[in-house]
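Residue-level listing of the chains:
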Amino acid sequence: MQNITKRIIRILCACILFLSLLVIRTPVWADGEGLDLSQMQIVVPAQQTAVEKTAASELRKYLFNMTGASIRIVTEGENQGPGIYLGNTKYAAQKGIVYPTEGDTMGEAWTIQAVGEDLFLCGAPTRGPLYAVYHLLEDVLGVRFWNIWEEEIPFGSAVVPSDYSSSGVPAMEFREI
């Protein structure tokens, strides 16, 4: 009797796991409402840091994998139309975009903020802009980084709610095992 019970529990757990993998992780705003990142360009500061270059490259790669759109990376001042302002651009400063500083002892705070037709991904110089990109990909666009070898990238749209705003400071210095 115990073997049958254990076997039933295992089958139920396997079914639940399988069904959870079938769930589509499409955000509610992915129906076209909000900022369509596939129609925007990535705007970086004229004097970019290595972190900002890496963050722009990563964002471009994942947006291409999600939408098939080739997103341009342009220097601030060369852009036309709506943009994804990555890093500490002058335009972000003009719009009053700031990242949290309280508790950020390592310079890794980040912020994501939609303002009008633009999206701002800013952060502290050490790794902030890169963390902003990864939070956007995971928390908003549904990309899943399971470990350093495996990831899940949803194909379809890359839409951010037009009122989206999020920021944070990493809780710990090292996040790898």
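Here the structure is a predicted model, which means the values were calculated and not measured. (Residues numbered from 1 in each chain as written. Predicted model: local features only at pLDDT ≥ 70, side-chain atom pairs only at ≥ 80, totals over all residues. Heavy atoms only, no water.)

Novice: I would appreciate a short explanation of the side chain of Thr 67 in the present structure.
Specialist: With respect to the helices, strands and loops of the structure, Thr 67 is situated in helix α2 (residues 50–67). With relative accessibility at 17%, the residue Thr 67 sits in the buried group. A distance of 2.7 Å separates a polar atom in the side chain of Thr 67 from the backbone oxygen of Leu 63. In this structure the side chain of Thr 67 is engaged in a polar contact, spanning 3.1 Å, whose partner is the backbone nitrogen of Ala 69. (Helix = DSSP H or I, 4+ residues; strand = E, 2+ residues; numbered from the N terminus. Buried < 20%, exposed > 50% of the residue type's maximum accessible area, 1.4 Å probe, protein only. Polar contact = N/O pair within 3.5 Å; in protein donor to acceptor, adjacent residues only side chain to side chain.)

Novice: How should the nonpolar core be read in this particular structure?
Specialist: Side chains that are nonpolar tend, in soluble globular proteins, to be buried together. Counting 33 residues, the largest nonpolar core has Leu 37, Leu 59, Ile 84, Leu 119, Leu 121, Leu 136 and Leu 141 as the members making the most contacts within it. Those elements that place two or more of their residues in this core are β2 (41–44), α2, β4 (83–86), β5 (110–115), β6 (118–123) and α4 (128–140). Once residues within four sequence positions are removed from consideration, Leu 121 is found in contact with Leu 59, Ile 84, Tyr 85, Leu 86, Gly 87, Thr 111, Ile 112, Ala 132, Val 133 and Leu 136. By size, the runner-up hydrophobic cluster in this structure holds seven residues, among which are Val 74, Tyr 85, Ala 92 and Phe 120. (Core = buried A, V, L, I, M, F, W, Y, C linked by side-chain atoms within 4.5 Å. Contact = heavy atoms within 4.5 Å.)

Novice: Help me understand the packing of aromatic side chains, please; the structure alone is not making it clear to me.
Specialist: Centre distance and the angle of the planes are the two values used to describe a pair of aromatic rings. Scanning the entire structure with this criterion turns up five aromatic pairs. When the ring of Tyr 85 is compared with that of Tyr 91, the centres are 4.9 Å apart and the planes differ by 45°; the resulting orientation is tilted. Here the aromatic rings of Tyr 85 and Phe 120 are separated by 5.2 Å at their centres, their planes lie at 20°, and the arrangement is stacked. Here Phe 120 lies in strand β6 and Tyr 85 lies in strand β4, a separation of 35 residues in the sequence. We classify Tyr 85 as buried; its relative accessible area is 5%. (Phe/Tyr/Trp six-rings, centres within 6.5 Å; stacked < 30°, edge-to-face > 60°.)

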